[in-house]
Structures are given as structure tokens and as C-alpha cells.
Amino acid sequence: MSDAPGAGRWVPDTSHLDDLRAAAPDCRGCELWQPATQVVFSRGPSDASMVLVGEQPGDREDLEGEPFVGPAGRLLSDALREAGIDENAVYLTNAVKHFRFEERGKRRLHKSPTITHLRACAPWLEAELGIVQPRVVVALGASAARSLLGRSVSVTKERGRLLGGGYLVTTHPSSVVRLRGREGFRDAFDELVSDLRLGAS
Ligand code: URA
Ligand code: SF4
């Protein structure tokens, strides 16, 4: 894929999340805005001490315009509850703000963002983190980790410990959802819970 201009020129210089949220629908920093229904920004308080960063909105999120409202979001809610964390006190966002998908008949199948998309969208995430200034930033999965740390990250090797700069890497809830009903689900869920608990401690 060719390069993308990046979100920089659409990100306002502001100390208010509402200004970012209001400007995001106009972003043309990469080509993902076009086939998507709408931009999906973030949810949560601007003074949160913990930020959770996902990959990108999924099908449900794209339709509803809210992050983490689909199956991955429900699993994440369960994990936060089990970790004793108040979901409403956490700031939830994504590395990429538009849904990337492939059409298969009537279905829209999730397609992971490329490094170009992650880079293009990073100015939004940087602006959000600059305003919220959390104590800990939890990367949910490899895409978020790559965006935040600026390098490729092996989630299996690096998850579950505090890295420099207040970063913590854990599994993406979608990959735990995919294990449901199979061997390994409970372990993967418990790992996510213990990583979230570490992040909150
Ligand atoms: N997965 C994500 O990474 N983010 C969402 O908002 C939903 C699913
Ligand atoms: Fe802008 Fe990010 Fe959407 Fe690309 S994915 S258009 S950079 S908001």
C-alpha cells in the first residue's frame, strides 16, 4: 500500500478531549475513512489513571460509533469486572479509529491495520494520551503495542509485565473471544484479568 498523509493536520491543538472527538470525523489521514460507516473515537474520563488501547473498531463499533460495544468489548468488561476495575473509570480507545474490513458477500470481515495505518492514526492517540496523562497505558494486542512502542512486539513474550514509560502489553480480547468453547479459553481469560489487575495496581 502506498503511504498515507497521516492524521496530523486534522488533529487540533487542544487540551480537551471533546475538541478531538469533534474533529475526528473530518480526518482523511489515510484511506480507511471512506468505506467505514463512521469514525469511532474513545470512551471514558479525561482524568483516568489507566488507558486501554485496542486495535481498531470492529463491525459493531463501526455501526454504533462507540468503542468496545461488540463481543470483544463484552469480554473486556467481564475481565475488568473480574480484575476489580471500574470500567467507567478507565479510558478506552483504539490505535486506529476507522474499521478496516474486507467484504465477503454480506459480511464484513475484520482486517488488521497495516503499519501505515497505525502510523497515520497515531497523532490522535498521541493527542489523547497527552490530555489524559494516565499512569499506565495497556496495549491490548500487537497492533496497539506496535503503535505505542514504535516497534514490533511479541505479545506472548512481552505480556504481563510493566515496561518502561508506564506501558503494559496484554492479549487482545478478540483473540480470547476466538478461544471460547475451546481448550485454553480459561487460561487466556485469566491471563488477561491478571494483566489488567497488574496495570491497575
Ligand atoms: N476491538 C478493538 O480493538 N477495539 C474495539 O473498539 C472493538 C474491538
Ligand atoms: Fe484518520 Fe485514523 Fe481514520 Fe485514517 S483511520 S482516516 S488516520 S482517523
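The structure this text deals with has already been given above.
(A) Representation of the site of ligand 1 in the model. All residues adjacent to ligand 1 are G54, E55, Q56, P57, G58, E61, P67, F68, A72, N94 and H172. Between an oxygen atom of ligand 1 and a main-chain N or O atom of E55, the distance comes to 2.8 Å. Residue H172 places a side-chain N or O atom 2.6 Å away from an oxygen atom belonging to ligand 1. When ligand 1 is considered free in solution it has 240 Å² of accessible area, and contact with the protein chains removes 95% of it. Classifying every residue of the shell around ligand 1 by side-chain character gives 4 nonpolar, 5 polar and 2 charged.

(B) Quick peek at the site of ligand 2. As a structural note, the neighbourhood of ligand 2 is formed by A7, C27, G29, C30, W33, V96, K97, H98, A120, C121 and W124. By residue class, the composition of the shell around ligand 2 is 8 nonpolar, 2 polar and 1 charged.

(C) Layout of the pairing of strand β2 (residues 91-94). The alternating pattern of β2 places Y91 and T93 and L92 and N94 on opposite faces, both of which are buried. With 4 bridges joining them, strand β1 (residues 50-54) and β2 adopt parallel strand pairing. Within β2, the position partnered with G54 by the bridge is N94.

(D) Inspection of the packing of helix α4 (residues 115-132) against helix α5 (residues 142-149) at higher detail. Relative to each other, α4 and α5 sit at 70 degrees, their axes nearing to 9 Å. When the axis of α4 is compared with that of α5, the two are roughly perpendicular. When you trace α4 past α5, the crossing you get is right-handed. Contacts from I115, L118, A122, L125 and L129 of α4 reach α5 at S143, R146, S147 and L148. Class assignment of the residues belonging to the contact of α4 with α5 gives a composition of 6 nonpolar, 2 polar and 1 charged.

Calculation criteria
Residues numbered from 1 in each chain as written. Chains lettered and ligands numbered in written order. Predicted model: local features only at pLDDT ≥ 70, side-chain atom pairs only at ≥ 80, totals over all residues. Heavy atoms only, no water. Near = heavy atom within 4 Å. Polar contact = N/O pair within 3.5 Å; in protein donor to acceptor, adjacent residues only side chain to side chain. Areas by Shrake-Rupley, 256 points an atom, 1.4 Å probe, with all protein chains shown as cover. Nonpolar A, V, L, I, M, F, W, Y, C, P; charged D, E, K, R; others polar. Buried < 20%, exposed > 50% of the residue type's maximum accessible area, 1.4 Å probe, protein only. Helix = DSSP H or I, 4+ residues; strand = E, 2+ residues; numbered from the N terminus. Pairing = 2+ DSSP bridges. Axes fitted to C-alpha atoms, helices over the stretch in contact; angles between N-to-C directions. Parallel < 35°, antiparallel > 145°, perpendicular 65-115°, else oblique. Left-handed = near helix turned anticlockwise from the far one by under 90°. Contact = heavy atoms within 4.5 Å.

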